[in-house]
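The residues making up each chain are set out below.
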Amino acid sequence: MKSSENNCVPEDFLDVLCDPVTRQSLSLKDGKLISGSGTEYEIHHQIPDLVFITDQEKNQYALELFKEKANIYDEHQHLSFETFCCKEEDVRNQLISRLNLNRGAMKVLELNAGTGRDTVLIQKKLSEDSKLYAQDISLDMLQVLKSKFNEGEVYLTQSNAEALPYKSNSFDAVYSFGGVGMETYSDTRRQMQEICRVAKKGAKVVIGGLGMAEWLKESEFGRILINHNAHYKNRFNLAALPVDARNVSISWILNGAGFCLEFEVGEGEPDADFDFAIPGVRGGTLRTRYYGKMEGVSPETKRLVQEAREKLGISMYDFLNRTLQETSKQILKGEETE
Ligand SMILES: C[S@@+](CC[C@H](N)C(=O)[O-])C[C@H]1O[C@@H](n2cnc3c(N)ncnc32)[C@H](O)[C@@H]1O
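## Observations concerning the packing of aromatic side chains
Summed over the entire model, instances satisfying the criterion amount to 13 aromatic pairs. Geometrically, the ring pair formed by Tyr133 and Tyr155 is stacked, given 4.7 Å between the ring centres and 20° between the ring planes. Highlighted residues: Tyr133 in strand 7 (residues 131–136) and Tyr155 in strand 8 (residues 155–158), separated in sequence by 22 residues. Both residues of the pair, Tyr133 and Tyr155, count as buried.

Written out as structure tokens, the structure is:
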């Protein structure tokens with residue numbers, strides 16, 4: 001990894017970075033990142049500050065909460081897993097394994113990376129020619145993360161997961177634990193849109209976090225945990241997934257107190273054949289049935305039409321299509337009189 005001017009940001013980092021507001025490329029000048037729009041972004045401790053606040057209240061809540069927690073976060077994390085008789089590293093590794101990181105040289109992005117508890121595990125699974133990128137809105141959390149890595153091993157940004165400072169179609173895999181989908185401090189819909197934008201088509205996305213399974217919320221298990229930490233009440237909003245998501249699956253981890261969502265990034269809506277002829281009396285296709293609706297007719301007309309169709313032995317779609325086209329063409333040619 002070759003560093004550029006002032007050793008602030010490695011040169012190849014600029015290949016994936018962009019202005020989080022305008023999405024224009026960034027260049028390095030006098031220790032700052034400059035956007036094509038002229039906006040200047042500071043770099044603190046070699047971490048570019050590319051935060052664009054999208055929701056004052058929620059983003060501020062996260063910033064304050066994790067500023068306070070950054071120094072003690074690592075001390076207590078294992079307890080959240082031991083509560084469920086699990087080893088933290090095992091749970092995290094199981095989620096990470098769903099990214100299928102053994103696909104050669106990959107660019108991997110971790111969102112809401114915090115103090116890097118997953119980042120260090122992801123790094124161990126990457127090939128030497130892969131690149132690891134991580135972001136978080138809290139500089140305090142990122143500084144703890146940075147202290148766990150040698151220079152050049154991970155590319156960091158302080159940024160908002162709802163307005164990512166990365167170019168579109170940049171990453172082969174995107175991962176997040178404990179951030180994306182946490183309704184108290186995030187806008188899940190915006191985050192999901194951003195994930196699908198920065199991920200390459202075919203990229204794998206894995207998102208885990210706290211969120212009590214619905215059927216456990218009223219159980220003693222559920223009530224004790226929610227009483228301890230309101231984040232267990234979180235419910236991942238599946239409606240926030242973009243239509244580009246393919247092969248989506250959701251499962252429960254931590255004995256039902258957390259979720260894991262995984263999917264691949266596709267393009268646009270899923271494929272389907274809406275144009276095959278549907279056999280039977282009604283006939284037509286899925287598309288004609290959706291788009292071909294017209295005004296209703298009187299009961300007498302309907303009875304006559306049904307009788308005529310039966311006499312011809314064709315589907316209702318073929319009868320209506322044929323009859324209406326013929327009549328319309330005659331009218332348009334001026335052959336029909338009142
Ligand atoms: C519960 S911690 C999880 C940290 C880490 N992923 C882990 O599993 O230990 C949530 C993290 O999300 C970050 N965060 C909250 N809102 C964010 C946002 N809008 N954009 C980026 N990071 C955010 C917080 O700063 C915090 O580090």
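## Considering the nonpolar core
By size, the foremost hydrophobic cluster in this structure holds 45 residues, and its most contacted members are Leu101, Val108, Ile122, Leu145, Tyr175, Tyr232 and Leu254. For this core, the secondary structure elements donating two or more residues are helix 1 (56–69), helix 3 (88–97), helix 4 (119–125), strand 7, helix 5 (139–146), strand 9 (171–177), strand 10 (199–210) and helix 7 (220–228). Phe13, Leu26, Leu28 and Phe259 belong to the second-largest nonpolar core, a separate cluster that totals 37 residues.

## Some remarks on the sheet that holds strand 12 (residues 258–265)
The strand order 8-7-6-9-10-12-11 describes an open sheet built from seven strands, whose pairing is mixed. Across the chains shown, the open sheet's two edge strands, defined by having one partner strand only, are strand 8 and strand 11 (245–253). Across the sheet, the axes of successive neighbouring strands diverge by a mean angle of 15°, strand direction being ignored. Relative to strand 12, strand 10 is paired through seven bridges, and the arrangement is antiparallel. Note that in strand 12 the partner of Gly208 across the bridge is Cys260.

## Comments concerning helix 7
Looking only at helix 7, the buried set comprises Gly222, Leu225 and Ile226. Projected down its long axis, helix 7 carries its buried residues within an arc of 100°, all on one side. Exposed residues on helix 7 whose side chains face more than 90 degrees from its buried face are Glu220, Ile224, Asn227 and His228.

## Looking at unusual backbone geometry
Backbone geometry places Asn100, a non-glycine residue, at a positive phi of 50°. Owing to a relative accessible area of 37%, Asn100 belongs among the partly exposed residues under this scheme. The backbone of Asn169 shows a phi angle near 55°, a positive value even though the residue is not glycine. Tracing the chain through its elements places Asn169 in the loop between strand 8 and strand 9.

## Details of the pattern of salt bridges
One pass over the structure, following the stated rule, counts 19 salt bridges. Across the pair Lys131 and Asp12 runs a salt bridge whose closest N-O atoms are separated by 3.1 Å. Placement of Lys131 in strand 7 and of Asp12 in the segment before strand 1 (26–29) is noted, with a sequence separation of 119 residues between them.

## Describing the pairing of strand 6 (residues 107–111)
Burial runs high along strand 6: four of the five residues are buried. Following the chain from strand 6 across helix 4 to the adjacent parallel strand 7, one finds a crossover that is right-handed. The pairing of strand 6 with strand 9 spans four bridges and is parallel. Looking at strand 9, one finds that Glu110 is bridged to Tyr175.

## Thoughts on the sheet that holds strand 1
By definition, the strands of a sheet pair up through backbone hydrogen bonds, in either a parallel or an antiparallel sense. Overall, antiparallel pairing links the three strands, which are arranged 1-2-3 in an open sheet. Of all strands in the sheet, those with a lone pairing partner are strand 1 and strand 3 (40–41), marking the two edges.

## Details of the pairing of strand 8
On strand 8, burial covers both faces: Tyr155 and Thr157 on one face and Leu156 and Gln158 on the other are all buried. You can see the chain leave strand 7, run along helix 5 and come back into strand 8, and the turn it takes is right-handed.

## Digging into the state of the cysteines
As enumerated under the stated definition, the model contains zero disulfides in all. Free of any disulfide, Cys196 has its nearest neighbouring cysteine sulfur in Cys260, separated by 15 Å. For Cys196, a relative accessible area of 6% puts it in the buried group. With no disulfide of its own, Cys260 has Cys86 as its nearest cysteine by sulfur position, at a separation of 14 Å.

## Describing the packing of helix 9 (residues 299–312) against helix 10 (residues 316–333)
It is at 10 Å that the axes of helix 9 and helix 10 come closest, and there the two elements cross at 105°. When the axes of helix 9 and helix 10 are compared, the pair comes out roughly perpendicular. On helix 10, the residues that touch Val305, Gln306, Ala308, Arg309 and Leu312 of helix 9 are Met316, Phe319, Leu320 and Arg322. The residue makeup of the contact of helix 9 with helix 10, split by class, is six nonpolar, one polar and two charged.

Reading the values: the criteria
- Here, residues in each chain are numbered from 1, in the same order as that chain's written sequence.
- Totals for whole chains, interfaces and linings use all residues, but because this is a predicted model, local features are given only for residues with pLDDT of at least 70 and pairs of side-chain atoms are given and counted only at 80 or more.
- The side-chain values count all of the structure's non-hydrogen atoms but skip hydrogen atoms and water molecules.
- Working definition: a ring pair exists when centres of Phe, Tyr or Trp rings (six-membered ring for Trp) sit within 6.5 Å. Plane angles under 30 degrees give stacked, over 60 give edge-to-face, the rest tilted.
- Secondary structure elements follow DSSP: runs of H or I no shorter than four residues count as helices, runs of E no shorter than two count as strands, and numbering proceeds from the N terminus.
- Only protein chains enter the accessibility calculation, which uses a 1.4 Å probe; a residue is then buried when its area is under 20% of its type maximum, exposed when over 50%, and partly exposed in between.
- Nonpolar cores are built from buried Ala, Val, Leu, Ile, Met, Phe, Trp, Tyr and Cys residues. Side-chain atoms within 4.5 Å join them into one set.
- Two strands form a pair only when DSSP identifies at least two bridges running between them.
- With axes taken as lines fitted to C-alpha atoms, and helix axes fitted only over the stretch in contact, angles between N-to-C directions fall between 0 and 180 degrees.
- In this context, the arc is that of the directions from the helix axis out to the C-beta atoms.
- Any Lys or Arg side-chain nitrogen found within 4 Å of a carboxyl oxygen on Asp or Glu counts as a salt bridge.
- Consider the strands pointing away from the viewer: the crossover is right-handed when the path from the first strand over the helix to the second runs clockwise.
- Throughout, a disulfide means two cysteine sulfur atoms within 2.5 Å of one another.
- Orientation is classified from the angle alone, with under 35 degrees giving roughly parallel, over 145 giving roughly antiparallel, 65 to 115 giving roughly perpendicular, and any other angle giving oblique.
- Throughout, a residue-residue contact means that at least one pair of heavy atoms, one from each residue, lies within 4.5 Å.
- Three categories are distinguished: nonpolar for Ala, Val, Leu, Ile, Met, Phe, Trp, Tyr, Cys and Pro, charged for Asp, Glu, Lys and Arg, and polar for the others, with Gly belonging to the last.

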